[in-house]
Amino acid sequence: MNDTLPSPTPRDDLAVDATGLVKTFGRPGSSVFRAVDGVDLQVVRGEVFGVLGPNGAGKTTMLSMLATLLPIDGGRASIFGVDVVDQPHRVRQLLGVTGQYASVDENLTATENLVLFARLLGHRWPAARTIAADLLERFGLTEAATRQIKNFSGGMRRRLDLAASLISRPPLIFLDEPTTGLDPRTRGQMWDTIRELVAQGSTILLTTQYLDEADQLADRIAVIDAGRKVAEGTPEELKAGVGSSTLHLRLTDRTQTAAAAAVVERALGEAPVLTPEAGGLNVPLANADGAGDVLIALRQAELSITTATVRQPTLDEVFLALTGHHSEPTENDHQNDHETEEVA
Amino acid sequence: MTAVTESPQAPPAVRAAVVPEDLASRPSLRETVDQTLAMAWRATKKMRRNPEQFFDVTIQPLLFTAMFAYIFGGAISGSVKDYLPLIIPGILAQTALTTCMAMGTQLREDMDKGVFDRFRSLPIARIAPLAGPALADVIRYTIAATLTILVGIAMGYRPGGGVLGTLGGWLLTIVAAWSLAWIFTWLGTVARSAQAVQGISMMIMFPLTFLSNAFVPAESLPGWLEAFVKVNPVSHVVTACRDLINEGQVTAEVGWALLGCAAVVAIFAPLAVRSYSRKL
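Rules used in this analysis
- Residues numbered from 1 in each chain as written.
- Chains lettered and ligands numbered in written order.
- Predicted model: local features only at pLDDT ≥ 70, side-chain atom pairs only at ≥ 80, totals over all residues.
- Heavy atoms only, no water.
- Helix = DSSP H or I, 4+ residues; strand = E, 2+ residues; numbered from the N terminus.
- Buried < 20%, exposed > 50% of the residue type's maximum accessible area, 1.4 Å probe, protein only.
- Contact = heavy atoms within 4.5 Å.
- Areas by Shrake-Rupley, 256 points an atom, 1.4 Å probe, with all protein chains shown as cover.
- Pairing = 2+ DSSP bridges.
- Axes fitted to C-alpha atoms, helices over the stretch in contact; angles between N-to-C directions.
- Buried area = accessible area lost by both parts, 1.4 Å probe.
- Salt bridge = Lys/Arg side-chain N within 4 Å of Asp/Glu carboxyl O.
- Polar contact = N/O pair within 3.5 Å; in protein donor to acceptor, adjacent residues only side chain to side chain.
- Phe/Tyr/Trp six-rings, centres within 6.5 Å; stacked < 30°, edge-to-face > 60°.
- Core = buried A, V, L, I, M, F, W, Y, C linked by side-chain atoms within 4.5 Å.

### Considering the overall build of chain B
For chain B, the count of helices and strands is twelve helices and zero strands. Walking chain B from its N terminus toward its C terminus, one meets helices and strands in the order α-α-α-α-α-α-α-α-α-α-α-α. The 280 residues of chain B split such that 51% are buried. For chain B, the share of sequence-separated contacts (at least 6 apart) that also reach a separation of at least 24 residues comes to 78%. With the model as given, the accessible surface of chain B reaches about 12500 Å², and the carbon-plus-sulfur share is 69%.

Here it is in structure tokens:
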């Protein structure tokens with residue numbers, strides 16, 4: 001995927017190069033909130049880079065700074081070697097931004113929206129109309145072309161929004177939570193569209209709250225928590241820390257939790273994570289087949305269970321593994337305390 | 001990965017080869033004009049879908065002209081007919097102010113919408129999203145100014161300046177409205193909510209129109225008030241309109257009015273662009 005542009009020197013192959021990005025909100029002296037707190041980000045040309053984090057982690061703020069929408073309070077950033085602070089107009093010519101909330105005009109029709117953006121980008125009227133018609137067809141919106149956006153469904157808005165970002169054929173595309181709030185089917189369509197863009201050689205910086213989305217689309221992932229980068233790597237590397245799936249067990253007798261944990265550790269060579277509710281165990285598995293071994297071991301140890309579920313690790317579990325706390329702050333802080341020790 | 005579907009556009013990778021140094025570092029004047037026209041086109045589309053934007057510019061000239069003329073006419077000038085040459089240019093200036101006031105509220109509401117995020121992320125002149133609606137708003141000023149003059153004529157007003165003089169006053173009203181709109185545009189970019197813009201606009205509009213010579217001769221006022229009325233730019237626009245429409249003369253007042261308009265634009269347009277560029 002990275003073979004589209006051979007790089008003479010290491011730094012030349014970067015689409016996004018940010019070091020020590022900082023964004024603070026609030027006045028100095030009073031409670032200053034560091035929304036982004038010294039993040040480094042290097043995105044190689046032609047790759048899909050995923051920024052994974054919970055709500056409020058600072059993902060959108062970071063993207064807004066890189067897209068010249070927010071002033072940068074600290075650190076520096078460049079897009080294809082162009083400094084974001086010094087050359088905002090040049091940076092904007094290299095970027096397509098698709099926002100978390102569709103940034104299209106509610107009062108205009110789909111065609112009018114695309115024609116407007118094409119006109120703003122310097123296309124003459126006839127060319128603007130052709131571009132609009134082509135994009136609407138490509139995104140399956142031809143039938144809705146003359147409808148006002150306020151009558152569009154969430155999925156249609158997102159698609160139109162993405163279409164609008166492609167008018168200038170930008171070499172770098174920012175996708176801010178492209179599928180948040182979409183139903184599974186529309187989400188799948190969006191993923192296909194994004195994969196098409198990748199196949200054409202676009203560099204994509206994507207933010208998401210969903211591990212599976214980052215897993216499906218991204219070549220590399222940075223995990224952001226409370227404005228800081230807590231991990232970076234390929235999806236495989238990140239998931240190695242939590243296993244590719246998780247076996248969740250609940251014991252009939254909660255007093256046997258420790259005994260069960262010992263049995264599991266013997267069976268897999270790795271300690272399970274105790275869940276907040278008593279009598280529960282989360283067992284990270286390298287692959288789902290390992291679940292059988294665990295169940296057999298428990299049976300042989302005559303430990304009875306009420307439920308056993310195998311599923312993909314959630315973002316929360318990746319978080320727990322990486323940061324030692326849950327992705328969403330919980331009311332019961334003591335939970336975090338006792339879980340911190342479980343994670344190496 | 002999924003199969004690549006043929007796209008009507010060239011692959012974006014083509015652009016990736018672009019050397020960033022080849023990109024313009026700022027939009028050219030021509031691009032700025034084009035972008036402003038595109039934004040004006042957007043504003044006219046919006047107007048067509050929200051015809052209530054035309055209520056104020058159609059009803060207000062009808063209502064205010066008749067109302068002020070019949071209420072104050074007898075008291076100030078002896079008769080309604082004698083008052084018309086005084087009041088019509090006054091109403092024109094007042095209409096210019098009240099119709100351009102809507103600029104700020106509308107811009108503020110508009111800026112809260114998602115589409116402005118896209119405008120900010122596009123490589124376009126920062127003034128285009130502000131100048132576009134201002135240009136489209138000229139349609140509204142034209143309707144208001146035309147209707148005010150027509151209502152006056154229907155009530156028996158016979159402008160002494162003839163057709164040319166009347167056209168001159170009409171044009172000056174539109175120019176003044178467009179210029180003053182930049183004050184409200186700036187307000188729209190600095191205020192936190194549309195309601196705030198509305199409130200502040202009212203506070204500016206009332207003293208400017210009523211503490212002017214729009215409705216009464218300045219000489220009839222106490223000295224301190226007369227002093228303010230004489231420096232009020234609205235007074236200059238009103239006097240200039242009277243000179244044009246009633247006398248058919250291009251007097252120094254016309255020059256002062258135009259200079260005042262130019263000064264307002266020169267101060268508030270850059271301020272508006274600056275605070276717009278800074279806003280999240």
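### Quick look at the overall build of chain A
From N to C terminus, chain A includes twelve helices and 14 strands. Split into buried and exposed, the 344 residues of chain A put 55% on the buried side. Put simply, of all contacts in chain A between residues at least 6 apart along the chain, 67% involve residues at least 24 apart. If you sum the accessible surface of chain A, you get close to 14600 Å²; carbon and sulfur atoms cover 50% of it.

### Some remarks on the pairing of strand 9 (residues 220-225) of chain A
In the case of a regular strand, side chains alternate between the two sheet surfaces. Residues and elements named next belong to chain A. Within strand 9, five of the six residues are buried, which leaves the element mostly enclosed by the surrounding structure. Across four bridges, the pairing between strand 3 (residues 48-52) and strand 9 is parallel. When the sheet's bridge partners are listed, Leu 52 is paired in strand 9 with Val 223. Counted between consecutive antiparallel strands, the loop separating strand 9 from strand 10 (residues 228-233) contains two residues, among which Ala 226 sits at a positive phi close to 50°.

### With respect to the sheet that holds strand 2 (residues 33-44) of chain A
Residues and elements named next belong to chain A. With respect to topology, four strands assemble into an open sheet ordered 2-1-4-5, the strand pairing being antiparallel. Each edge of the sheet is formed by a strand with only one pairing partner; in this case those strands are strand 2 and strand 5 (82-83). Of the pairings in the sheet, the one linking strand 1 (residues 14-25) to strand 2 comprises nine bridges and is antiparallel in character. If you follow Thr 24 over to strand 2, its bridge partner there is Arg 34.

### Concerning the sheet that holds strand 10 of chain A
All names here are of chain A. In space, the six strands of this open sheet follow the order 6-7-8-3-9-10, with mixed pairing throughout. Looking at which strands have only one partner, the edges of the open sheet turn out to be strand 6 (95-98) and strand 10. Recorded for the sheet is a direction-independent mean angle of 15° between the axes of neighbouring strands. By the bridge criterion, five bridges tie strand 7 (residues 172-176) to strand 8 (residues 203-208) in an arrangement that is parallel. Residue pairing across strands places Leu 175 opposite Leu 206, the latter belonging to strand 8. Against the sheet, helix 5 (residues 154-165) engages strand 6 and strand 7, with an angle of about 170° to strand 6.

### Brief notes about the interface of chain A and chain B
Each side of the interface is counted separately: chain A has 53 residues, and chain B has 44 residues. Roughly 4600 Å² of surface becomes buried between chain A and chain B when both sides are summed, with 61% attributable to carbon and sulfur atoms. Of all residues in chain A, His 89, Leu 120 and Arg 169 of chain A give up the largest surface area on contact with chain B, accounting jointly for 15% of the area buried on that side. Counting across the interface, chain A meets chain B through five salt bridges. Its salt-bridge partner being Asp 161 of chain A, residue Arg 118 of chain B comes within 2.5 Å of it at the nearest N-O pair. Where chain A touches chain B, the interface holds 13 residue pairs in polar contact (both at pLDDT 80 or more).

### Brief notes about the packing of aromatic side chains
Residue and element names in this part refer to chain B. Going through the model one piece at a time under the given rule, you end up with eleven aromatic pairs over all chains. On the numbers, 5.8 Å between centres and 15° between planes, the contact of Phe 206 with Phe 210 is stacked. Here Phe 206 pairs with Phe 210, and both are found in helix 9 (residues 194-210), just four residues apart, close to one helical turn. On the basis of relative accessible area, Phe 206 is assigned to the partly exposed category, the value being 43%. Within the aromatic cluster, the residues linked to one another by ring pairs are Phe 64, Phe 68, Phe 72, Phe 206, Phe 210 and Phe 215.

### Remarks on the nonpolar core
Grouped together as the largest cluster of nonpolar side chains are 116 residues, with contacts concentrated most on Leu 114, Phe 117, Leu 120, Leu 160 and Ile 204 of chain A together with Phe 119 and Trp 182 of chain B. Per-element accounting of this core gives the leading share, 15 residues, to helix 4 (residues 80-111) of chain B. With near-sequence residues (within four places) excluded, Leu 160 of chain A lies in contact with Val 104, Ala 110, Asn 113, Leu 114, Leu 136, Leu 141, Ile 149 and Phe 152 of chain A. Met 65, Leu 66, Ala 77 and Leu 205 of chain A belong to the second-largest nonpolar core, a separate cluster that totals 34 residues.

That is the geometry; function is a separate question.
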